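An overview of the molecular structure
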Amino acid sequence: MASITVHPATLRWAVRQSGADPAAVAHKDGLAEFPQWLNETGPLSLSFTKLSAIGSALQVPFGALVRSVVPESHEDELIRYRTIDNRGVEASRNLQDTIAVMRNRQDWARDEMIAQGFGENLLVGSVPSHVTAGELAAHIREGLSLDVGWCRHKSSADRFRFLRGKASDAGLMVMVDSRVGTSSARRLNVREFRAFVLLDDVAPLIFVNRNDSYAAMLFSLLHEIGHVLLGSNEVYNDSSVDGGNGVERKINQAVVLTVVDDEQEFRAYWKKMVADCARVQDIADGCAKRYGLSALALTIHAHKLGLASDEDVRLVRALSERRVTDTEAAGSGGNQNLTNASHLDTRFVRMIRDGVDRGSLPYSDGLSLLGVRSMHAYDGLLKAKGLDQ
């Protein structure tokens, strides 16, 4: 069998890029010597089969492994905003690749919009940093044209879709996905990030991790919209209204106030449940169903209003942490066209379609930007989006 020359420095680069444990890779069939190969000083001769297995284990393209020169690494500036529990941490390959895909889409959309005569998006950086949480919530509702009670009488899925549509109407591209590209093996980890925003004065983009409940995705989307208005980039992780630094806490509080936009009504509902001798966890769950945010976020809000005690918050927090992730986050499943459509911002798809129809965007480039592999999938996507007319 023919062998291929591989340089250990390139293998070491691939390991750094993937964040994989060499010892774990060594457990793959045929790769027992992998840790030893990393420490070699001269070129290696590996079979195509072994090199393919390394590429699969590290989730690195085959072509990248046969380079004689280690590729330069250019960390996205957004990575410096990456934290867990307020501590800077190294971003996974999945997060880095997702940001790269979204940057590519944003860059194309920005150029296309400028070419069509679009100006700056008026929401970006429109709110000064010194505003209160209540003022920020008012700006969010005004910027998205949200009426009082907008979240009421809707299912959790419909609330998220409604808000996403409002954001898109306001010129914010909102992308949603559960994995990197089409690889089922590259599932995005909600413990690493829930959402991120890529600021741009013309084409701001928000990405939401689909491996979350609709309540959490609603919170994440509103949180990132808050960052757009304040004009600050972020990779969002903390789902608790009282978590994060001062700015994060203010945005989280503004999210709750954007949804709970009638304090008197919220107080009356909570007090009625208390009068009916309902347990605090049942009151919190009732509020979650009523408003579309998590039971914990709404209990913390009730605590701020003097309706719930410290012990109530601790109890609901403990129960929330023990619960299994909402089954709504299992994925779109079923019809692949509908799944593709759910991942992409409608305005973005429309711009792609118009560019392809005009002949200014080659079909191959359009399919690549949309993340679909065939004209059949492209036609199905347009139909699912209602853009096939």
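Residues numbered from 1 in each chain as written. Predicted model: local features only at pLDDT ≥ 70, side-chain atom pairs only at ≥ 80, totals over all residues. Heavy atoms only, no water.

The protein chain has the name ImmA/IrrE family metallo-endopeptidase in an unreviewed UniProt entry, where Bifidobacterium santillanense is given as its organism.

**Topic: the overall build of the protein chain**
Worth spelling out the cut-off: Secondary structure elements follow DSSP: runs of H or I no shorter than four residues count as helices, runs of E no shorter than two count as strands, and numbering proceeds from the N terminus. Summary of the burial criterion: residues with accessible area below 20% of their type's maximum are buried, those above 50% are exposed, and those between are partly exposed, where the area comes from a 1.4 Å probe applied to protein chains only. In this description, contact between two residues means that some pair of their heavy atoms is separated by no more than 4.5 Å. The Shrake-Rupley method, run with a 1.4 Å probe, gives the accessible areas here. Residue values count only the displayed protein chains as cover.
What the protein chain contains, in helices and strands, is 18 helices and eight strands. In the protein chain, which comprises 389 residues, the share counted as buried stands at 49%. Contacts in the protein chain between residues far apart in sequence, at least 24 positions, make up 70% of those at least 6 positions apart. When the accessible surface of the protein chain is split by element, carbon and sulfur atoms take 49% of a total near 18800 Å².

**Some points on the sheet that holds strand β7 (residues 205-209)**
Backbone hydrogen bonds hold the strands of a sheet together, and the pairing may be parallel or antiparallel. Put simply, the rule reads: The pairing criterion for strands is at least two bridges between them, as found by DSSP. Here an angle of 0 to 180 degrees is reported between the N-to-C directions of two axes, which are lines fitted to C-alpha atoms, with helices fitted over the stretch in contact.
Overall, mixed pairing links the four strands, which are arranged β5-β7-β6-β8 in an open sheet. What marks the edges here is a single partner per strand, and that holds for β5 (173-177) and β8 (234-236). Recorded for the sheet is a direction-independent mean angle of 15° between the axes of neighbouring strands. Judged from the four bridges that link them, strand β6 (residues 195-198) and β7 form a sheet pairing that is antiparallel. From the neighbouring strand, L198 faces β7, where its bridge partner is L205.

**Things to note about the packing of helix α6 (residues 93-115) against helix α16 (residues 346-358)**
We apply this condition: It is the rotation of the near helix from the far one that decides the hand of a crossing: anticlockwise by less than a right angle makes it left-handed, clockwise makes it right-handed.
Orientation of α6 relative to α16, taken along the N-to-C sense of each, is 65°, at an axis distance of 11 Å. For the pair α6 and α16, the sense of crossing is left-handed. On α16, the residues that touch R105, W108, A109, E112 and M113 of α6 are R347, F348, M351, I352 and R358.

**Regarding the nonpolar core**
Cut-off, in case you're wondering: For this analysis, a nonpolar core means a set of buried residues of the types Ala, Val, Leu, Ile, Met, Phe, Trp, Tyr and Cys, connected via side-chain atoms within 4.5 Å.
Judged by nonpolar contacts, the single largest core of 63 residues is most densely connected at L136, I225, F266, W270 and L298. Among the elements that take part in this core, helix α9 (residues 214-230) stands out by supplying ten residues, more than any other. Those residues in contact with L136 that lie beyond four places of it in its chain are V127, V131, G226, L229, L230, I251 and A254. M175, V180, V356 and L387 belong to the second-largest nonpolar core, a separate cluster that totals 37 residues.

**Looking at the side chain of E192**
Let me state the cut-off plainly: Any pair of N or O atoms that falls within 3.5 Å is considered a polar contact. Within protein, one atom must be able to donate a hydrogen and the other to accept it, and sequence-neighbouring residues count only if both atoms are side-chain atoms.
One can find E192 in the loop between β5 and β6. Here S92 takes part through its side chain, which lies 2.7 Å from a polar atom of the side chain of E192.

**Some remarks on the pairing of β7**
Counted residue by residue, β7 has five buried out of five residues, so it is predominantly covered. Two strands pair when backbone bridges link them, and β5 and β7 are joined in this way by five bridges, in the parallel orientation. For M175, the partnering residue across the bridge sits in β7 and is F207. Where β6 folds back on β7, the antiparallel hairpin that results is connected by six residues.

**Some thoughts on the packing of aromatic side chains**
As a reminder, the rule being used: Each aromatic pair joins two rings of Phe, Tyr and Trp (for Trp, the six-membered one) with centres within 6.5 Å, and gets the label stacked for planes under 30 degrees apart, edge-to-face for over 60, and tilted for any other angle.
Here the structure, examined in full by the defined rule, presents ten aromatic pairs. When the centroid spacing of 6.1 Å and the interplanar angle of 20° are considered together, the rings of W150 and F162 count as stacked. You can see W150 sitting in the loop between α7 (133-143) and α8 (156-169) and its partner F162 sitting in helix α8, a full twelve residues away along the chain. Relative to F196, the ring of F193 has its centre 5.9 Å away and its plane inclined at 35°; by these criteria the two rings are tilted.

**Structural notes on α9**
Our working definition: A helix is expected to reach a length of 1.5 Å times the quantity of its residues less one.
Between its first and last C-alpha, α9 extends 24 Å over 17 residues, near the 24 Å set by a 1.5 Å rise per residue. Of all 17 residues in α9, 17 are buried, a share of seventy percent or more. One or two positions beyond α9, positive phi appears at G231, with a value near 75°.

**Things to note about the pairing of β5**
Most of β5 sits out of view: five of its five residues are buried. In β5, alternate side chains face the same way, and those of M173, M175 and D177 on one face and V174 and V176 on the other are all buried.

**Focus on the packing of helix α17 (residues 363-370) against helix α18 (residues 375-385)**
Selection rule: Here the angle decides the label: under 35 degrees means roughly parallel, over 145 means roughly antiparallel, 65 to 115 means roughly perpendicular, and every other value means oblique.
Relative to each other, α17 and α18 sit at 60°, their axes nearing to 11 Å. By the angle between their directions, the pair α17 and α18 is classed as oblique. Regarding α17 and α18, the two cross each other, and that crossing is left-handed. Together, Y363, L367 and L370 of α17 and M375, Y378 and L381 of α18 make up the contact between the two elements.

**Things to note about the environment of R314**
Positionally, R314 belongs in helix α14 (residues 310-322). When the C-alpha atoms of R314 and L296 are compared, they prove to be 9.2 Å apart, with 18 residues separating the residues in sequence.

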